[in-house]
Amino acid sequence: MKTMYNPRKVVIVGAGAVGSTFAYALAQKSLADEIALIDVNREYAEGQVLDLAHGLPYYPSVEIYVGKKEDYATAHVIVITAGAKQAPGESRLDLFQKNSRMIEALIDDIVSQNSQAIIVVASNPVDVLTHVALKRSGWPKNRVIGSGTVLDSARFRYLLSQHCNVDVGNVHAYILGEHGDSEFAAWSMTHVGGVPIDEYCPMCDGCDDWVKQREEIVSQVRESAYHIINYKGATYFAIGMALTRIVGTILQDQRSVLTVSTLLEGEYGINDVCLGIPCVVGKNGVHKVIEANLTPDEKKLLQKSAATLEGALKELYGEITVD
Ligand SMILES: NC(=O)c1ccc[n+]([C@@H]2O[C@H](COP(=O)([O-])OP(=O)(O)OC[C@H]3O[C@@H](n4cnc5c(N)ncnc54)[C@H](O)[C@@H]3O)[C@@H](O)[C@H]2O)c1
């Protein structure tokens, strides 16, 4: 039987700092055969593609080109990084009015192409825009996800590894909820080398007041985007790596547990909100939402985060219609 070659194709919408950095990281991982970059500013996309393509002798084999909406039809994964970004002092939720209309128009284009792709939303506020994208598409919830708190969890793991002076690969830790100010650390799920953090940390060199230090670590995670934006105007390297991890997991059907943003339908007592929660991610997007045994305080924090997002969605849907 003749086998059709089915290139692994990723379409990136938005060729700005996040989109181009993600393309750069993805191209080096040998995960995709084709990367198409789409931007409302076509010349800008042309420039980014040329700059990326000139590195092709040093990448694994991959084709990088300026895409058009017809590319959605054959994409395996579509990653949305388009839109306005946070200005200094602006919260991610402040962005939702600006970016939600743009997401609706993009989703209409994607649906019009009969795409079978998995959509990964990275534009902020990511949880609100994932909800808008999901409802607008009419697709099953597993196929429309957001980058959620994957980046925040990476920041958390990095800071814990620095604190404990241990390989970040041996730190299992998750930030849950909104990718934003109401996110929180799920300490009950935090382990170093299989040992719960509260047992491991007293063994750390120089850790004298763990309770105080753990609060400082969470504040650093929550505030890191604000600090980076104040220093250099935008964050893009780590989110580029986080998106590569999410998309790689989908393309390779890796079934990795990642805190992507997904629609909750009763899990943790939450309904009709997308937020970052540990999920098994593979070729169909979200295969399973993991219902972890959170402490009562953590459950309350998750519900508070969901309430924040619910408020933003109510405000938004009061203004625009989602069919
Ligand atoms: N999820 C995360 O963890 C995370 C992390 C960092 C940034 N972000 C978000 O990613 C988004 C992009 O950030 P950035 O720094 O790359 O911004 P940027 O301004 O550098 O790039 C945005 C690009 O989107 C393009 N664009 C705007 N409207 C478009 C449309 N309708 N179709 C196609 N392209 C369009 C612009 O021309 C621009 O090139 C922002 O919303 C930002 O807040 C998310």
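The structure contained in this document is the topic of the report that follows.

Rules used in this analysis
Residues numbered from 1 in each chain as written. Predicted model: local features only at pLDDT ≥ 70, side-chain atom pairs only at ≥ 80, totals over all residues. Heavy atoms only, no water. Helix = DSSP H or I, 4+ residues; strand = E, 2+ residues; numbered from the N terminus. Buried < 20%, exposed > 50% of the residue type's maximum accessible area, 1.4 Å probe, protein only. Lys, Arg positive; Asp, Glu negative; His and termini not counted. Salt bridge = Lys/Arg side-chain N within 4 Å of Asp/Glu carboxyl O. Polar contact = N/O pair within 3.5 Å; in protein donor to acceptor, adjacent residues only side chain to side chain. Axes fitted to C-alpha atoms, helices over the stretch in contact; angles between N-to-C directions. Parallel < 35°, antiparallel > 145°, perpendicular 65-115°, else oblique. Left-handed = near helix turned anticlockwise from the far one by under 90°. Contact = heavy atoms within 4.5 Å. Nonpolar A, V, L, I, M, F, W, Y, C, P; charged D, E, K, R; others polar. Pairing = 2+ DSSP bridges. Near = heavy atom within 4 Å. Phe/Tyr/Trp six-rings, centres within 6.5 Å; stacked < 30°, edge-to-face > 60°. Lys NZ or Arg CZ within 6 Å of the ring centre and 35° of its normal.

Now for the side chain of arginine 155. Structurally, the position occupied by arginine 155 is in helix α5 (residues 150-164). One buried charged residue, arginine 155, remains without a salt bridge, the closest side chain of opposite sign being aspartate 152 at 4.5 Å. At 3.4 Å, the side chain of arginine 155 forms a polar contact with the side chain of serine 224.

What follows deals with the packing of helix α4 (residues 126-137) against helix α9 (residues 296-317). At their nearest, the axes of α4 and α9 sit 10 Å apart, and the two run at 50 degrees to each other. With respect to α9, the element α4 is oriented oblique. Two packed elements cross with a definite hand, and for α4 against α9 that hand is right-handed. Contact residues: Asp127, Val128, His131, Val132 and Lys135 in α4; Leu309, Ala312, Leu313, Leu316 and Tyr317 in α9. Tallied by class, the residues present in the contact of α4 with α9 amount to 7 nonpolar, 1 polar and 2 charged.

Let us now look at the sheet that holds strand β12 (residues 256-258). Overall, antiparallel pairing links the 3 strands, which are arranged β12-β15-β16 in an open sheet. A strand with exactly one partner marks an edge of an open sheet, and here the two such strands are β12 and β16 (285-289). Neighbouring strand axes in the sheet, compared pairwise and without regard to direction, differ in orientation by 40 degrees on average. As paired strands, β12 and strand β15 (residues 279-282) are joined by 3 bridges and run antiparallel to one another. Considered in β15, the bridge of serine 256 is made with valine 281.

To continue, consider the sheet that holds strand β7 (residues 171-172). Within the open sheet, the 3 strands sit side by side as β7-β10-β11. Their pairing is antiparallel. Here the strands that pair on one side only, and so sit at the sheet edges, are β7 and β11 (195-196). With 2 bridges connecting them, β7 and strand β10 (residues 191-192) associate as antiparallel partners. Within the sheet, the bridge partner assigned to valine 171 lies in β10 and is valine 192.

Moving on, we come to the site of the ligand. Within the structure, the ligand sits among 25 residues, and Val18, Asp39, Ala84, Ala122 and Ser147 are positioned closest to it. One of the backbone N or O atoms of valine 18 is found 2.8 Å from an oxygen atom in the ligand. Between a nitrogen atom of the ligand and a main-chain N or O atom of valine 40, the distance comes to 3.2 Å. Top contributing element to the shell around the ligand by residue count: helix α3 (residues 96-112), with 3 residues.

A word on the packing of aromatic side chains. Scanning all chains against the criterion turns up 4 aromatic pairs. Plain terms: the ring middles of phenylalanine 156 and tryptophan 187 are 5.1 Å apart, the flat faces sit at 80 degrees to each other, and that makes the pair edge-to-face. Taken together, the residues phenylalanine 156 in helix α5 and tryptophan 187 in the loop between β9 (184-185) and β10 connect sequence positions 31 residues apart. Counting every residue linked through ring pairs, the aromatic cluster contains Phe156, Trp187 and Trp210. The ring of tryptophan 139 is capped by arginine 143, whose NZ or CZ atom sits 3.8 Å from the centre of that ring. Its end group placed over the ring of tyrosine 236, lysine 232 keeps NZ or CZ at 3.9 Å from the ring centre.

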